[in-house]
Amino acid sequence: MISVLARRAVQCGQFARGIRIDRSLFPSINEEDLEEKYVKGGGPGGQAVNKTSNAVFLKHQPSGIWVKCHDSRSLESNRKQARKLLLTKLDNHINGENSIENQVKKFESLKKAKSKEKTRAKYEKKREEKESNTDDTDKVMTDSVKIDTNVVPKEAND
Amino acid sequence: MALCRQRAQIAVRHVFHRNFCSKVEDGSVLGLLQRTKNKFETLCIPEPELSAKHILSHVVGSSQPNGYLKYSEKSLSEDQIKHLEQMVTCRIARVPVQYILGAWDFREISLQVHPPVFIPRPETEQLVQLVLDHLSGSSEHHRILEVGPGSGNICLSLLKEGENIQVEALERSKLAADLTRKNADALGLQSRLNVIEGKVEDYQEDKARFDVIVSNPPYVLRKDLMSLQPEISLYEDLRALDGGADGLEVVLPIIKLAEKCLKEQGRIFLEVDPCHPHILPPRLKEIGSAFHIERTIKDFQDKDRFIELCRK
């Protein structure tokens, strides 16, 4: 049950960004294939012990992939998060560039490149506009101060 | 005796202050983490590294155990260092980390905790799951009785995660009852929770109103009470742990109470000591109880920890 919920969470998490992701290859895991370990407490446990370590170590036996999670102070939260992390790691391992995480990364790097290109084109256009404005200004300036170098001033000959 | 303890405490504070603040120019988070960890190790404080991490993360404003990592390159302010110092002193006095932070997480909720109210244990997170699994699939309204809510971890988790649930919580300690109410208000769950102050034996309920009775009652055997770590024996209310010689001093009255107030098909879910699934059945037979243990469930340390009871 907890693995099913984790799988759905990872799959749907990408959908919220409004991009088309191929989820058909996303793996699923069975609880029976998982080895889960916790920090060992001594003695009778339960009420008689106060420990703050709720880290979870989770291993997927068939693939050998494992994760460790201590993001939260709650054990159950760490168990859920460990399964999400494991699913993502398994997806990346099995499906390579077609994993959900890598598809999103690819989309985001394309988006970034596109935005960069857009900015570059915009800057280029502005630069060209500025240059053409400067050419026109030079032409106007030259017309107004045109000197006829063939005419000698009259005073020089008296 | 008290004067000796006081003098020892003052001495510890002086030694700590001298050693801790001598390199105050290295106020970086990672530097302070290392020195705090070393200090705890030297003084044989349990979970030295993790205690330091929890405290550092709290100082930088994070509730995650590794929250300090986001600020690893930064330096703490003077106020933050002072706050850190105070918390470290408390930990050296074996105050539980949860009380030092004033809050702890339990499943999907965060709860305020303060001494001497019992701190939620991670095993109990599984008890909540057992009740939720039992109720899931049914769209009916469910009434639950919790005995001994403490900080409210069980009842508030059930209200947060379950559907169509109302809880009545019976608590003998006024401090714990107030804390449960405070946490309920903070989580916006107060409308579906009624906290009553009183003991199990005095609870008057003749009508079979409840679908489920759930409890993490005091179940520690008296012999184990003697060897508790200082974090527990010095700061937590031992009435929340002491189950008497056989650990069943509160468990049995809860099962007796169920005879009157639990519906015919109702279930009791209890967290217990690992010996109880074995020693409880003959005791139930002895007192002629209508209930028996339907199943025993192991905790994440593979110990018999939970029992589900129903009418025979």
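Our subject in this report is the structure included herewith.

The rules behind the values
- Residues numbered from 1 in each chain as written.
- Chains lettered and ligands numbered in written order.
- Predicted model: local features only at pLDDT ≥ 70, side-chain atom pairs only at ≥ 80, totals over all residues.
- Heavy atoms only, no water.
- Helix = DSSP H or I, 4+ residues; strand = E, 2+ residues; numbered from the N terminus.
- Buried < 20%, exposed > 50% of the residue type's maximum accessible area, 1.4 Å probe, protein only.
- Contact = heavy atoms within 4.5 Å.
- Areas by Shrake-Rupley, 256 points an atom, 1.4 Å probe, with all protein chains shown as cover.
- Lys, Arg positive; Asp, Glu negative; His and termini not counted.
- Charge placed at Lys NZ, Arg CZ, Asp CG, Glu CD.
- Buried area = accessible area lost by both parts, 1.4 Å probe.
- Salt bridge = Lys/Arg side-chain N within 4 Å of Asp/Glu carboxyl O.
- Polar contact = N/O pair within 3.5 Å; in protein donor to acceptor, adjacent residues only side chain to side chain.
- 1 Å grid on protein atoms, 1.4 Å probe; cavity = no way out; pocket = protein on both sides within 12 Å on 5 of 7 lines; lining within 4 Å.
- Points joined across faces, edges and corners; volume = space filled by probe spheres on them.
- Nonpolar A, V, L, I, M, F, W, Y, C, P; charged D, E, K, R; others polar.
- Core = buried A, V, L, I, M, F, W, Y, C linked by side-chain atoms within 4.5 Å.
- Pairing = 2+ DSSP bridges.
- Axes fitted to C-alpha atoms, helices over the stretch in contact; angles between N-to-C directions.
- Parallel < 35°, antiparallel > 145°, perpendicular 65-115°, else oblique.
- Left-handed = near helix turned anticlockwise from the far one by under 90°.
- Phe/Tyr/Trp six-rings, centres within 6.5 Å; stacked < 30°, edge-to-face > 60°.
- Lys NZ or Arg CZ within 6 Å of the ring centre and 35° of its normal.

### Some details on the overall build of chain B
Each helix and strand in chain B was counted, giving 12 helices and 9 strands. For chain B, the spread of C-alpha atoms along the three principal axes comes to 70 × 45 × 35 Å. Counting only residues that meet the buried cut, chain B has 53% of its 312 residues in that class. Of all intrachain contacts in chain B linking residues separated by at least 6 positions in sequence, the fraction that spans at least 24 positions is 66%. Per element, the accessible surface of chain B, about 14,600 Å² overall, is 50% carbon and sulfur. The averaged location of the 45 negative side-chain charges in chain B is 4 Å from the averaged location of its 41 positive side-chain charges.

### Digging into the interface of chain A and chain B
Every contact between the two is made by 25 residues of chain A and, on the other side, 42 residues of chain B. Roughly 2,700 Å² is buried in total at the junction of chain A and chain B, and carbon and sulfur atoms are behind 46% of that figure. Summed over the three residues of chain A that lose the most area to chain B, namely Gln47, Asn50 and Arg73 of chain A, the buried surface amounts to 35% of that side. Here chain A and chain B share 2 salt bridges between them. With a closest N to O distance of 3.5 Å, glutamate 108 of chain B and lysine 80 of chain A form a salt bridge. Scanning the region where chain A abuts chain B turns up 19 residue pairs in polar contact (both at pLDDT 80 or more).

### A closer look at the layout of surface pockets
The space that makes up the largest pocket amounts to roughly 880 Å³. Breaking the lining of the largest pocket down by element, the ones donating at least two residues are α1 (2-15), β1 (34-38) and α2 (75-95) of chain A together with α6 (124-135) of chain B. Per-class residue counts for the lining of the largest pocket are 12 nonpolar, 7 polar and 12 charged. Quantified by volume, the second largest pocket comes out at close to 590 Å³. What lines the second largest pocket is a set of 33 residues, and nearest its centre among them are Glu171, Arg172, Pro218, Arg239 and Ala240 of chain B. Taken together, the residues that form the lining of the second largest pocket break down as 15 nonpolar, 9 polar and 9 charged.

### Details of the nonpolar core
Residues and elements named next belong to chain B. One finds Val131, Ile144, Leu156, Leu158, Leu193 and Val214 to be the most contacted residues of the largest nonpolar core, which totals 28 residues. Taken together, the elements giving at least two residues each to this core come down to β2 (109-112), α6, α7 (153-161), β4 (165-171), α8 (174-187), β5 (193-197) and β6 (210-215). Looking at this core element by element, the count peaks at 6 residues for α6. If sequence neighbours within four positions are ignored, valine 214 has contacts with Leu127, Val131, Ile144, Leu145, Glu146, Val147, Ile154, Leu158 and Phe269.

### Examining empty space enclosed by the protein
Counted according to the given criterion, the structure contains 2 cavities of 30 Å³ or more. Lining the largest cavity are 22 residues, and of these Val49 of chain A together with Pro122, Glu123, Phe300 and Gln301 of chain B lie nearest its centre. Of the residues belonging to the lining of the largest cavity, the class tally is 8 nonpolar, 7 polar and 7 charged. Space inside the second largest cavity adds up to approximately 60 Å³. Taken together, Asn50 and Thr52 of chain A together with Pro46, Glu47, Arg91, Pro96, Val97, Gln98, Gln229 and Glu231 of chain B form the lining of the second largest cavity.

### Observations regarding the pairing of β6 of chain B
Residues and elements named next belong to chain B. The buried fraction of β6 is high, at 6 of 6 residues. Two strands pair when backbone bridges link them, and strand β3 (residues 142-147) and β6 are joined in this way by 4 bridges, in the parallel orientation. Each residue of the ladder has a partner; that of leucine 145, found in β6, is isoleucine 213. Bridge count for β6 against strand β7 (residues 262-271) is 5 bridges, and the pairing is parallel. Bridging across to β7, valine 214 finds its partner in phenylalanine 269.

### What to know about the packing of helix α2 (residues 29-42) of chain B against helix α4 (residues 78-92) of chain B
All names here are of chain B. The N-to-C vectors of α2 and α4 enclose an angle of 20 degrees; their axes lie 11 Å apart at closest approach. For the element pair α2 / α4, the angle class is roughly parallel. The two elements α2 and α4 meet at a crossing, and its hand is right-handed. Contacts between α2 and α4 involve Leu32, Thr36, Lys39 and Phe40 on the former and, on the latter, Ile81, Leu84, Val88, Arg91 and Ile92. Grouping the constituent residues of the contact of α2 with α4 by class yields 6 nonpolar, 1 polar and 2 charged.

### Quick look at the sheet that holds strand β3 (residues 65-69) of chain A
All names here are of chain A. Reading across from one edge, β1-β2-β3 is the order of the 3 strands in this open sheet, with antiparallel pairing throughout. Across the chains shown, the open sheet's two edge strands, defined by having one partner strand only, are β1 and β3. Across this sheet, the average inter-strand angle for adjacent strands is 15 degrees, counted without regard to direction. Pairing of strand β2 (residues 56-60) with β3, which is carried by 5 bridges, proceeds in the antiparallel orientation. If you follow leucine 58 over to β3, its bridge partner there is valine 67. On the sheet, α2 packs against β1, β2 and β3 and is oriented at approximately 145 degrees with respect to β3.

### Comments concerning the packing of aromatic side chains
The description of two aromatic rings rests on the distance between their centres and on the angle between their planes. Taken as a whole and assessed by the stated rule, the structure comprises 2 aromatic pairs over all chains. Centroid distance tyrosine 38 of chain A to phenylalanine 300 of chain B: 4.8 Å. Interplanar angle 65 degrees. Geometry classified as edge-to-face. Placement of the pair is tyrosine 38 of chain A in strand β1 and phenylalanine 300 of chain B in the loop between β8 (291-298) and β9 (304-311), with the two residues belonging to separate chains. Considered together, tyrosine 38 of chain A and phenylalanine 300 of chain B belong to a single accessibility category, that of buried residues. Lying across the ring of tryptophan 66 of chain A, lysine 89 of chain A places its NZ or CZ 5.3 Å from the centre.

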